[in-house]
Amino acid sequence: MSDKEIIPYRPGLEGVTAGISQISDIIAAENRLIYRGYDIRDLAANCTFEEVAYLILQGKLPNRQELTAFEAQLRSHRELPAEVYRVLHAMPRGAHLMAALQVGVATLGSIDPQADLNTHEANLQKAIRLTACMPTLVANGYRILQGQEPTPPNPDLPHAANFLYMLFGREPEPLHARVINLTFILYAEHGYNASTFTAHVIASTLADMYSAVVGAIGALRGPLHGGANEAAMESILDIGSPDRAEAWVMEKLAKKERIMGFGHREYKTGDIRAVILKEYVRQLAEQTGRLDLYQIQETMERVMLREKKLHPNVDFPAALVYYLMGIPIPLYTPIFAAARIVGWTAHVIEQHDDNRLIRPRSDYTGPHDLPFIPIDQRT
Ligand code: COA
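Because the structure is a prediction, the values reported are computed rather than measured.

Caption draft 1: Here's a closer look at the overall build of the protein. If you tally the helices and strands in the protein, you get 16 helices and three strands. Relative to a compact globule of 379 residues, whose C-alpha radius of gyration would be 21 Å, the protein shows 22 Å and is just as compact. The burial tally for the protein puts 50% of its 379 residues in the buried class. Sequence-distant contacts, at least 24 apart, represent 75% of the contacts inside the protein between residues at least 6 apart. For the protein, the computed accessible surface area is about 18300 Å², with 52% contributed by carbon and sulfur atoms.

See below:
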């Protein structure tokens, strides 16, 4: 590329097209999200996570036979190898669960003889195995870090419900099973977000899928990305009661602090995933007698819209549905990872199928032509 063709720097790469993808589309102006051509509202209303994972990874909705075979494949790979349990047991108490996920995925890569084979078929098999066992890594990683015994996966339960089973050691009630399935669908894929882009960059060096996923988990951990759901719940608990919510938000905004769970780089008039999930926040709040928490969210939303014209993103309702289902807060971002594994791995497949090294440039703003100073003369 000649110097004349240099594209001007855009902070945060805002609005910059960094790739071509057939996996999903965000139509921000219409507040729509599309996975492989299908509107997220239709998928959320009608599908299991397994159907949506098949769609994202294989490019089409499965027929009944294909779905049955795919479900069986996922079930057969739910359990973690003994090597992963060993490294989880070796992690220091108090370790961050996202770090445990990185260690777990790196270990899975270390024992996969096909780890470095980047063909479409080999990558697809890795993607399916990773999708199958990520919930186990999250639930049992958490249990082990807490000093508890891991729970073997339950082959009789669907993918997302089995996650709750492993976490709590008992079958989830139907509403919880429905809501966890829904959040897995809503979190499964979202274009060139920060963690998925990280996966693209790593994959573009022809590094293996496991390395790309370890990097993506790191990117997801930050509070401006996946970490926002945990931060949002901490805020709601810090507020404590509905009558304090407005003053709390106003005080934070006056100090120019960010309210986690609000705003989005792409969506400026609302995040459809948050709209879909909100109905379930109310149902769970009623079921658990915690309408106070629902009201805190309502007030925060009203004040943020009035003061900053900012809408909640998916992390805001997701945080509260997880809390109302009794899920401990340190699991919220790892759950996001357990769902987004589908999107990450689908993007790694796309990258490896048509690869070119991702290597942008930076505008150097430091000095040139400094006279060299011998070490003894430096101050
Ligand atoms: N709380 C308060 N102000 C916010 C805000 C929030 N959550 N999100 C954005 N803003 C404000 C910024 O302070 C800035 O105001 P200014 O122009 O007066 O300085 C303006 O909105 C634009 O913010 P900017 O950070 O440039 O937008 P972005 O596109 O880079 O940010 C996010 C996108 C997601 C990083 C941002 O909205 C954010 O930090 N949200 C909270 C974290 C979160 O929920 N992340 C999950 C995303 S799914």
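Caption draft 2: Just the site of the ligand, in detail. The immediate surroundings of the ligand are formed by 20 residues, with Arg258, Ile259, Gly261, Phe262 and Arg265 found nearest. A distance of 2.9 Å separates an oxygen atom of the ligand from a polar side-chain atom of Asn313. About the coverage of the ligand: the protein hides 67% of its 850 Å² of free accessible area.

Caption draft 3: Just the pattern of salt bridges, in detail. Taken as a whole and judged by the stated rule, the model has 15 salt bridges. Notably, a salt bridge pairs Arg32 with Asp39, separated by 3.0 Å at the nearest N-O pair. With relative accessibility at 9%, the residue Asp39 sits in the buried group. One salt bridge in this structure joins Arg129 and Asp112, with 2.8 Å as the shortest N-O distance. Of this pair, Arg129 sits in helix H6 (residues 120–145) while Asp112 sits in the loop between helix H5 (97–110) and H6; the two residues are 17 residues apart in sequence, bridging distant segments of the chain. What emerges from the salt-bridge pattern is a single network uniting Glu30, Arg32, Asp39 and Arg41.

Basis of the calculations
- Residues numbered from 1 in each chain as written.
- Predicted model: local features only at pLDDT ≥ 70, side-chain atom pairs only at ≥ 80, totals over all residues.
- Heavy atoms only, no water.
- Helix = DSSP H or I, 4+ residues; strand = E, 2+ residues; numbered from the N terminus.
- Rg over C-alpha atoms; globule rule 2.2 N^0.38 Å.
- Buried < 20%, exposed > 50% of the residue type's maximum accessible area, 1.4 Å probe, protein only.
- Contact = heavy atoms within 4.5 Å.
- Areas by Shrake-Rupley, 256 points an atom, 1.4 Å probe, with all protein chains shown as cover.
- Near = heavy atom within 4 Å.
- Polar contact = N/O pair within 3.5 Å; in protein donor to acceptor, adjacent residues only side chain to side chain.
- Salt bridge = Lys/Arg side-chain N within 4 Å of Asp/Glu carboxyl O.

Keep in mind these values describe shape, not function.
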